Amino acid sequence: MLTTRPRGTNDFLPGETEKWQYLEDLLRTVCREFGYREIRIPIFEHTELFQRGVGETTDIVSKEMYTFFDRSERSITLRPEGTASTARAYLEHKMYALPQPTKLFYMGPMFRYERPQAGRYRQFHQFGVEAFGSSEPAVDAEVIGLAMEIYRRLGLNGLEVHLNSVGCPNCRKKHREKLQEFLIKNLNEFCPDCRERFEKNPLRILDCKNAKCQELSQGAPTTLDCLCPECGEHFDKVKGYLDLAEIKYVIDERLVRGLDYYTKTAFEIIVKEIGAQSAICGGGRYDGLLESLGGEPTPGVGFALGMERIFPTLETQGINISIEKPLDVFVATLGDEADKVGFQILMKLRQEGVKSEKDFLGRSLKAQMKHAGRFNARITIIIGETELSRGVVVMRRMDTSEQIEVSLNDVVKVVKENLF
Ligand code: ATP
Ligand code: MG
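The sections below set out a description of the structure shown in this document. (Residues numbered from 1 in each chain as written. Chains lettered and ligands numbered in written order. Predicted model: local features only at pLDDT ≥ 70, side-chain atom pairs only at ≥ 80, totals over all residues. Heavy atoms only, no water.)

### Considerations on the site of ligand 1
Link 1 in the chain: Near ligand 1, the surroundings consist of 15 residues, among which Arg112, Glu114, Arg120, Tyr121 and Arg257 are the closest.
Link 2 in the chain: At 2.7 Å, a side-chain N or O of Glu114 approaches a nitrogen atom of ligand 1.
Link 3 in the chain: One of the side-chain nitrogen or oxygen atoms of Lys209 is found 3.1 Å away from an oxygen atom of ligand 1.
Link 4 in the chain: Computed on the free molecule, ligand 1 has an accessible area of 590 Å², of which 89% lies beneath the protein chains in the complex.
Link 5 in the chain: When residues of the shell around ligand 1 are traced back to their parent elements, those giving at least two are strand S6 (123–132), strand S10 (279–285) and strand S11 (300–306).
Link 6 in the chain: Take the shell around ligand 1: its biggest share by element is three residues, from S10.
Link 7 in the chain: Grouping the amino acids of the shell around ligand 1 by side-chain chemistry returns six nonpolar, three polar and six charged. (Near = heavy atom within 4 Å. Polar contact = N/O pair within 3.5 Å; in protein donor to acceptor, adjacent residues only side chain to side chain. Areas by Shrake-Rupley, 256 points an atom, 1.4 Å probe, with all protein chains shown as cover. Helix = DSSP H or I, 4+ residues; strand = E, 2+ residues; numbered from the N terminus. Nonpolar A, V, L, I, M, F, W, Y, C, P; charged D, E, K, R; others polar.)

Right under this line is the structure:
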């Protein structure tokens, strides 16, 4: 073997891909019902989009991006997330001229150079929604509700919505001062990353995964303490709408999210069982993003959920979403002439939407019947030389072992009658 797949990537094999398809169908269905329409954005973008749209101080931009120069020396980055691209497309295609809000969803692979471990890959998949053009708190609650509806339909239990507000730039300025005042006392004990964040983006110190840093930042002033009246009112209304939708949440004052463009609402959906990688969805409001990309000030709110992390969660909760449909018909033949007729019948059955198979290895009839058994086919059609000379085939219902002769001309019709 010349090489294996790159570290942190996955091959999804048949058996797994059906589960992915099931999930993707479910996501599309829920989005349709909520009025979110699909957008397909490029796999790569100009690097400056993420530098600006995700933020230079985030882990994503500072250490996780797959960035390279293309053949015309343009800096290109494999998308590490979907919000910046969706926002760029919203501006580029003047979607703000449509009746607002513009409600979009995307799904597909994202790329981050991370240390691979359970639930953390270098190529992984996100599903996300973005609602642009409304600052109404009801939209915040709608997107949280959409995420929870997805998990509800999957049959998942034990999920927690963690909710916070990080306020607007004014609240953040006030918070930043208070926070720095608090942190400076023990600054030397924080990790090197946090010491750097202290000047650039001290809010992110609250987000540090390092246990020592978490301990040191216990009791730090929270963004909720610093909300201006408008942001406070927005937060109360979001909570009110969540109550109306009967969505439970816990206030999590340490939840600040890694990305710089978040304003007001920040949320994560947490599942306890899957260990350290417990966040299966993260999102919030980002009223500053579109302006930072060169657009008019435009509010936005959305989330992204990690698709890989859904499957182990389903598994620990004993939920099986495999939807592999058994084979309808296996066509078994004996002899060259029968094989040709069998092939014709097979292709006709498929035109009628019947899931059907034949042997492709020149197996003996006995071996073909065994093969049919592996497929768990509902019906087997057996075409032998003597039957063929009489213009008939044998149709066997595998559940009852009932066996009848059917005229060659009627076989597709009779099979369908027996299946549906
Ligand atoms: P984490 O704290 O786990 O690194 P994050 O803050 O980087 O998460 P986001 O950028 O908000 O995550 O992405 C949203 C979701 O995408 C996460 O909640 C997670 O489910 C998923 N995700 C993020 N990075 C990865 C990865 N490397 N592999 C698999 N899933 C991921
Ligand atoms: Mg991360």
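Next comes the rest of the write-up.
### Focus: the state of the cysteines
Link 1 in the chain: A full pass over the atoms with the stated rule returns zero disulfides.
Link 2 in the chain: Unpaired in terms of disulfides, Cys228 finds its nearest cysteine sulfur in Cys171, a separation of 3.6 Å.
Link 3 in the chain: Given the relative accessible area of 22%, Cys228 is considered partly exposed.
Link 4 in the chain: Here Cys281 is not disulfide-linked; the sulfur of Cys31 is the nearest cysteine sulfur, at 12 Å.
Link 5 in the chain: Note on Cys281: relative accessible area 2%, which makes it buried. (Disulfide = S-S within 2.5 Å. Buried < 20%, exposed > 50% of the residue type's maximum accessible area, 1.4 Å probe, protein only.)

The analysis is restricted to geometry; functional conclusions fall outside its scope.
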